[in-house]
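Next come the chains, spelled out residue by residue.
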Amino acid sequence: MKPGDLAECSIWINGTESDTMLRQWKADVVYMMSQAHEPKLKLGPVSFEIKRPGEDRVPQVPDHIAGPEVRLLIATAEVLGFEIAKRASFLDELEERDLIKLRKATRRQHGKLSDEQCDQLIERLGPSVAAREISGQAVH
């Protein structure tokens, strides 16, 4: 999927569902639609439509679906973008003074680096090396 595409999710209903059940599905479907893809989708407003068997883009009714009024409830939303999950980093837990100390030590060892480059190196070395550096027991 790409931005601008339409995401769809549908469920067969047979006329025996309560209003509460349908409201719950409508409430849950936005979460289901966004979580069903990797990376997760950012969606626009969801619209709902009910179609009957035989109408355009309605598949054949599955054999196990029967009832007084079989229909397909469809949720549609435009894909706006993607949720990019930020990896958890031990750097996020450091106090500012400790992060500054680690960046200084990294620059001493590796030369002129941006904060982002320092953070990447520190992240690769890991929390145990960072802890030794912060406590003054650096390993070079």
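This text follows the structure it describes.
Residues numbered from 1 in each chain as written. Predicted model: local features only at pLDDT ≥ 70, side-chain atom pairs only at ≥ 80, totals over all residues. Heavy atoms only, no water.

Observations regarding the overall build of the protein
Across its full length, the protein holds 4 helices and 4 strands. Secondary structure elements of the protein, listed N to C terminal, follow the sequence β-α-β-β-β-α-α-α. Relative to its length of 140 residues, the protein is extended, with a C-alpha radius of gyration of 26 Å against a globular reference of 14 Å. Projected onto its principal axes, the C-alpha positions of the protein cover 75 × 30 × 25 Å. Taken across its 140 residues, the protein has 29% of its residues classed as buried. (Helix = DSSP H or I, 4+ residues; strand = E, 2+ residues; numbered from the N terminus. Rg over C-alpha atoms; globule rule 2.2 N^0.38 Å. Buried < 20%, exposed > 50% of the residue type's maximum accessible area, 1.4 Å probe, protein only.)

What to know about the environment of Leu91
Here Leu91 lies in the loop between β4 (71–83) and α2 (96–110). Each C-alpha atom of the pair Leu91 and Arg52 lies 54 Å from the other, and the pair is 39 residues apart in sequence. With residues up to four places along the chain from it excluded, the contact list for Leu91 reads Leu99, Asp119, Ile122 and Glu123. (Contact = heavy atoms within 4.5 Å.)

Thoughts on the nonpolar core
Membership of the largest hydrophobic core is limited to 11 residues, which are Ala7, Ile13, Trp25, Val29, Met33, Leu41, Leu43, Leu73, Ala75, Ala77 and Val79. Sorting the residues of this core by element identifies β1 (6–13), α1 (19–35), β2 (40–43) and β4 as the ones contributing at least two each. When residues in this core are grouped by element, the largest group, 4 residues, is from β4. Apart from residues no more than four positions distant in its own chain, Ile13 is found in contact with Leu22, Glu69, Val70, Arg71 and Leu73. In terms of nonpolar packing, the next biggest core, distinct from the first, is built from 8 residues, Phe90, Leu99, Leu102 and Leu113 among them. (Core = buried A, V, L, I, M, F, W, Y, C linked by side-chain atoms within 4.5 Å.)

Quick word on the packing of aromatic side chains
Tallied over the entire structure, the rule returns 1 aromatic pair. Ring geometry for Trp25 against Phe48: centres 6.2 Å apart, planes inclined by 65°, an arrangement best described as edge-to-face. Of this pair, Trp25 sits in helix α1 while Phe48 is found in strand β3 (residues 47–51), placing the two residues 23 residues apart along the sequence. Taking the relative accessible area as the measure of exposure, Trp25 reaches 12% and is therefore buried. (Phe/Tyr/Trp six-rings, centres within 6.5 Å; stacked < 30°, edge-to-face > 60°.)

Overview of the pattern of salt bridges
Summed over the entire model, instances satisfying the criterion amount to 8 salt bridges. Here Glu95 makes a salt bridge to Arg97, at a shortest N to O gap of 2.2 Å. A relative accessible area of 45% means that Glu95 is categorised as partly exposed. Residue Arg97 is classed as exposed on the basis of its relative accessible area, which comes to 58%. (Salt bridge = Lys/Arg side-chain N within 4 Å of Asp/Glu carboxyl O.)

Some details on helix α3 (residues 115–125)
Regarding α3, the residues found buried are Cys118, Asp119 and Ile122. Taken around the axis of α3, the buried residues stretch over an arc of 100°, which confines them to a single face. For α3, the exposed residues lying more than 90 degrees away from the buried face are Glu116 and Arg124. Looking one or two places after α3, you find Gly126, whose phi comes out positive at around 95°. (Arc of directions from axis to C-beta.)

Any functional reading would require information that these geometric values do not contain.
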